[in-house]
Amino acid sequence: MQLTAIDDMKYRLLRSLVHGNCVSVNIHRLSKILKRHRNTVRSRVEEIFENNVLNPPNFPFVGLFKEYPLLTLVWAELPYEEKVEKWFREDPNIFAAFRSRFSEYNTLLILYHKDITSYQLWREQLVTEQRIPLEDSSLQRSSTSFFSNQLRIKYDPNASVHLLEEEMRRKGHVSLGEYEVDKLSFRIIRLLAGGKCIKINENRLAKELGANRKTIIKRTQELMREGWISTPVCRFPNFFTPLNYILTIFKLDVRSGKQRFVQNIRNDPHITLAFDVREGKYNILLFGTFRDLEEELEWEIKQGLFLPRSIGHVDIQYFSPRSIVNVSQKSVSLGIIDRKYVYFRT
């Protein structure tokens, strides 16, 4: 079922909340929980954001999966040019991009579309508008896989915060990029990634949108109840993984004990997204996060021990932090919101 139409006020409020306007960390609440001085806590929060450990808070646009139910993975051969990198950042359908060699391709794009027709029209626009360098006037060398967001069996982008917690217990600190996370900083990260100690300034938002505070509160609750947004949270900038972690995409042929396997990965902090799929011999698609390849191999061995002889064919692709193209995931959400508003206005 598609989401309902949005009027002008709801549109402007939705856009503000998804963008993170007037949404911030509640330093007072955070300092009380941590029993530390406000200035100390504020300084740590600023360091966490400045070092790209977490993004500032916003309301996640969960309506994305209803409006654009088609998850599309496209492997392509694309030149290493600024024009292409600019396209990655600006195209409203591109959720993520990775530069990594696989077979005859060097780029993986993660896209969201309404249906296969909209994806095909999107490809046609690439050619007619010449948004990227083409080969013989077409995007020839590519391989596309389609999956349904309606068959998603796990969605927990911040699940890997539990991996950081485990590493913190073992070592007493965690390195994320160039930032050394100590116990206090990690406690802040864990709370913000869990959606705790985040506030919305309804008074300021009401003034900016020309409404009263009660209207802002009521409309925000409506947006959540109607399934447009979820509660505010801080996400990892790379979305799929914390800094320094490897993204792994698995396609699995789970031949027996599938329900048991699914229940296990729902509780597994290494897995952030999971889908029930039907693609050739594969029936499970997983997005995993690991500190290194050794940890990933240990995970594979544990799965084999957990369900012996139940996993058949496996396709695994690895993406190091260096392969990630800096794409703002908000752009897809904001693009959908803008297009839906224009559609109902015309």
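Residues numbered from 1 in each chain as written. Predicted model: local features only at pLDDT ≥ 70, side-chain atom pairs only at ≥ 80, totals over all residues. Heavy atoms only, no water.

Here the focus is helix α9 (residues 202-209). Here α9 has its buried residues at Glu202, Leu205, Ala206 and Leu209. In an axial view of α9, the angular spread of the buried residues amounts to 100°, which keeps them on one side of the axis. Residues of α9 that are exposed and point over 90 degrees away from its buried face: Asn203 and Lys207. Packed against the buried residues of α9 are α1 (8-19), β9 (198-200) and α10 (213-225). Downstream of α9 by one or two residues, Gly210 has phi in the positive range, about 70°. (Buried < 20%, exposed > 50% of the residue type's maximum accessible area, 1.4 Å probe, protein only. Helix = DSSP H or I, 4+ residues; strand = E, 2+ residues; numbered from the N terminus. Arc of directions from axis to C-beta. Contact = heavy atoms within 4.5 Å.)

Now for the environment of Glu222. One can find Glu222 in helix α10. Considered as a pair, Glu222 and Lys10 are 212 residues apart in the sequence and their alpha carbons are 9.1 Å apart.

This part takes up the pairing of strand β4 (residues 105-113). Counting buried positions along β4 gives nine out of nine residues, so the element sits mostly inside the fold. Two strands pair when backbone bridges link them, and strand β2 (residues 70-76) and β4 are joined in this way by seven bridges, in the antiparallel orientation. By the bridge assignment for β4, Val74 is matched with Leu109. The pairing of strand β3 (residues 94-102) with β4 spans six bridges and is antiparallel. Residue Ile94 lies in a different strand from β4, and its bridge partner there is Leu111. Between the antiparallel neighbours β3 and β4 lie two residues, among them Ser103 with a positive phi of about 55°. (Pairing = 2+ DSSP bridges.)

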